[in-house]
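Structural overview
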Amino acid sequence: QQQVKQSPQSLIVQKGGISIINCAYENTAFDYFPWYQQFPGKGPALLIAIRPDVSEKKEGRFTISFNKSAKQFSLHIMDSQPGDSATYFCAARGTSGTYKYIFGTGTRLKVLA
Amino acid sequence: DAMVIQNPRYQVTQFGKPVTLSCSQTLNHNVMYWYQQKSSQAPKLLFHYYDKDFNNEADTPDNFQSRRPNTSFCFLDIRSPGLGDAAMYLCATSRDLLQGGQYFGPGTRLTVT
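Here we summarise the structure given alongside this text. None of the values given here were measured: they were computed from a predicted structure. (Residues numbered from 1 in each chain as written. Chains lettered and ligands numbered in written order. Predicted model: local features only at pLDDT ≥ 70, side-chain atom pairs only at ≥ 80, totals over all residues. Heavy atoms only, no water.)

**Some words on the interface of chain B and chain A**
Note the cut-off: By the convention used here, residues are in contact when the closest approach between their heavy atoms is within 4.5 Å. Buried area is calculated as the accessible area (1.4 Å probe) missing from two parts once they are joined, with the contributions of both summed. Throughout this description, the term salt bridge denotes a Lys or Arg side-chain nitrogen within 4 Å of a carboxyl oxygen of Asp or Glu. Within 3.5 Å is the distance limit for a polar contact, defined as a pair of N or O atoms, with the added protein rule that one can donate a hydrogen and the other accept it, and that residues adjacent in sequence qualify only through two side-chain atoms. Secondary structure elements follow DSSP: runs of H or I no shorter than four residues count as helices, runs of E no shorter than two count as strands, and numbering proceeds from the N terminus. Under the scheme applied here, ten amino acids are nonpolar (Ala, Val, Leu, Ile, Met, Phe, Trp, Tyr, Cys and Pro), four are charged (Asp, Glu, Lys and Arg), and all others, including Gly, are polar.
Contact residues are listed per partner, giving 24 residues for chain B and 21 residues for chain A. Between chain B and chain A, a total of about 1,700 Å² is buried, with carbon and sulfur atoms accounting for 55% of that surface. Linking chain B with chain A are one salt bridge. Remark: the boundary between chain B and chain A carries seven residue pairs in polar contact (both at pLDDT 80 or more). Broken down by secondary-structure element, the contributors of at least two residues to the side of chain B that touches chain A are β4 (31-37), β5 (44-50), β9 (87-94) and β10 (103-104) of chain B. With three residues, the top contributor of residues to the side of chain B that touches chain A is β4 of chain B. Its residues placed into classes, the side of chain B that touches chain A shows twelve nonpolar, ten polar and two charged.

Right under this line is the structure:
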């Protein structure tokens, strides 16, 4: 069973601080690693994504770092704002069969004003 | 704006009474997915359509069915809802199985009484 392990389960950060969420996967049969942001009562929104041939991708305050050899990837939110308070899911897309997405268990981020 | 639309946003049904949830998309994407998300959990894939080809997840109960009459619309039918089927149901689309990310709708919150 392919798995994606996400940590921490919850995170509290001061406004202006850096939020870091980590994910690790257990096999190499993934080719695309998106991060989703979900507010209560809403569907997940695609935030940023990376492919395994790239070690880092930055979009505004959001950065993905990818370590292929360690099978780990992380989301960094710079200058965290109260509006960033949400649940974040990492995911990985399989490269065979139905190419399904495997989701992490989610991280609930709270940014204090 | 191109988007994924789900109706209704909130649905209350009685135990055992069939219910249909609707999803439409203006993105002209080939793939449409249905996920079930319970409180504080990651989305769980139920099935997806790649064009007209239906792919059911092995652990999706027979109680859940889906229809995709055309590119734009996809329906989730729950034939005999149980209390355990109360959840948020998310529709998502992607351009192709291996291109781009998934775009989620706002979800339908299903309550079973």
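**A look at the sheet that holds strand β3 (residues 19-25) of chain B**
Residue and element names in this part refer to chain B. As a reminder of what qualifies: Any two strands with at least two DSSP bridges between them are considered paired. A fitted line through C-alpha atoms serves as each axis, taken over the contacting stretch for helices, and the angle formed by two N-to-C directions is quoted from 0 to 180°.
Here four strands make up an open sheet; going across it, the order is β1-β3-β8-β7 and the pairing antiparallel. Looking at the sheet topology across the chains shown, the edges are occupied by β1 (4-7) and β7 (64-67). Taking the axes of each pair of neighbouring strands and ignoring which way they run, one obtains an average angle of 20 degrees across the sheet.

**Here's the deal with the environment of glycine 107 of chain B**
All names here are of chain B. Inclusion rule: Three labels apply to residues, based on accessible area from a 1.4 Å probe with only protein chains included: buried if under 20% of the type maximum, exposed if over 50%, partly exposed otherwise in between.
Mapped onto the secondary structure, glycine 107 falls in the loop between β10 and β11 (108-112). Residue classification places glycine 107 among the buried residues on the basis of a relative accessible area of 0%. Considered as a pair, glycine 107 and valine 31 are 76 residues apart in the sequence and their alpha carbons are 17 Å apart. Filtering out sequence-adjacent residues up to four positions away, glycine 107 remains in contact with Gln6, Pro8, Arg9, Met88, Tyr89 and Leu90.

**Let's talk about the side chain of threonine 87 of chain A**
All names here are of chain A. Checked against the element boundaries, threonine 87 lands in strand β9 (residues 86-94). In this structure threonine 87 comes out as buried when scored by relative accessible area, which is 18%. Those residues in contact with threonine 87 that lie beyond four places of it in its chain are Tyr36, Gln37, Gln38, Gly106, Thr107 and Arg108.

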